[in-house]
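# Summary of structural features
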Amino acid sequence: AQTIHQWPVAEIKAVGSPLSLGCTIKGKSSPNLYWYWQATGGTLQQLFYSITVGQVESVVQLNLSASRPKDDQFILSTEKLLLSHSGFYLCAWRTGGSYEQYFGPGTRLTVL
Amino acid sequence: AQRVTQVQPTGSSQWGEEVTLDCSYETSEYFYRIFWYRQLFSGEMVFLIYQPSFDTQNQRSGRYSVVFQKSFKSISLVISASQPEDSGTYFCALSELITGYQNFYFGKGTSLTVIP
């Protein structure tokens, strides 16, 4: 069975500080991976996607970057947080042969 | 511009009732898919059902089904025999396959409360 893990569960960070959020999926090789951002009470915005190791495409940047260092790992980061980065970050995966995306538990980020 | 519209920000039902949640969307693609997800209070997103544009048959999965009106670019999620555990926020999402990747546009969601 596939499991998707996101870390940390929650973060409180200061404006201007760096950030690194992680996502790991186990039990599925070569998944397509996605990062989403959700403002409090808002809808989901697709940020990045990756089809393979080392390749990441940006959908909406929001002064963030993403990397895929391993087949099962997707990292979201920035060197300088903004207040507008606060929200809920969700990682999702799908296989090349299916269409539905499955989501991780999410990371709640508060920028003060 | 909003690609996916869910006009009902909130909804409620009594235990055992059938619930219908509406969604409309904009696309110029011939092939697309409409997905429904439920977001739990923890924030977890749970996949419910999806409808491919090329399938004229309304999809069903357990207590979930959809009413797909392609010509009107609208789709409704129907939950039969609703239960308090069905409470949460329901998101409709449009997915198109563009240049090899699958993009997702989500609506703003409908917050459903099922009253015991």
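Residues numbered from 1 in each chain as written. Chains lettered and ligands numbered in written order. Predicted model: local features only at pLDDT ≥ 70, side-chain atom pairs only at ≥ 80, totals over all residues. Heavy atoms only, no water.

## Observations regarding the sheet that holds strand β1 (residues 3–7) of chain A
All names here are of chain A. Spatial strand order, β1-β3-β8-β7: four strands in an open sheet with antiparallel pairing. Among the strands making up the open sheet, the edge pair consists of β1 and β7 (65–70). Strand-to-strand twist in this sheet, taken as the mean axis angle between neighbours without regard to direction, amounts to 20°. Relative to strand β8 (residues 73–78), β7 runs antiparallel, the two being bridged by four bridges. Across the sheet, residue K70 finds its bridge partner in β8, namely Q73. (Pairing = 2+ DSSP bridges. Helix = DSSP H or I, 4+ residues; strand = E, 2+ residues; numbered from the N terminus. Axes fitted to C-alpha atoms, helices over the stretch in contact; angles between N-to-C directions.)

## Observations concerning the nonpolar core
Counting residues in each nonpolar core, the largest one holds 21 residues, and the members touching the most others are B:Y25, B:W36, B:I75, B:L77 and B:Y90. Mapped by element, the contributors of at least two residues to this core are β3 (19–25), β4 (32–39), β5 (45–52), β7 (64–69), β8 (74–79), β9 (88–98) and β11 (110–115) of chain B. No other element matches the four residues that β3(B) contributes to this core. Discounting chain neighbours no more than four positions away, the residues touching B:Y25 are B:R3, B:V4, B:Y32, B:I34, B:F68, B:K70, B:K73, B:S74, B:I75 and B:L94. Counting 20 residues, the second largest nonpolar core, distinct from the first, contains A:L19, A:L21, A:L47 and A:L76. (Core = buried A, V, L, I, M, F, W, Y, C linked by side-chain atoms within 4.5 Å. Buried < 20%, exposed > 50% of the residue type's maximum accessible area, 1.4 Å probe, protein only. Contact = heavy atoms within 4.5 Å.)

## Overview of the pairing of strand β9 (residues 87–94) of chain A
Side-chain direction in a regular strand flips from residue to residue, so the side chains alternate between the two faces of the sheet. Residues and elements named next belong to chain A. Burial runs high along β9: eight of the eight residues are buried. With seven bridges connecting them, strand β4 (residues 32–38) and β9 associate as antiparallel partners. Pairing of Q38 across the sheet is with F88, part of β9. Alignment of β9 against strand β11 (residues 107–111), held across three bridges, turns out to be antiparallel.

Everything listed here is a matter of coordinates, which is why it stays silent on function.
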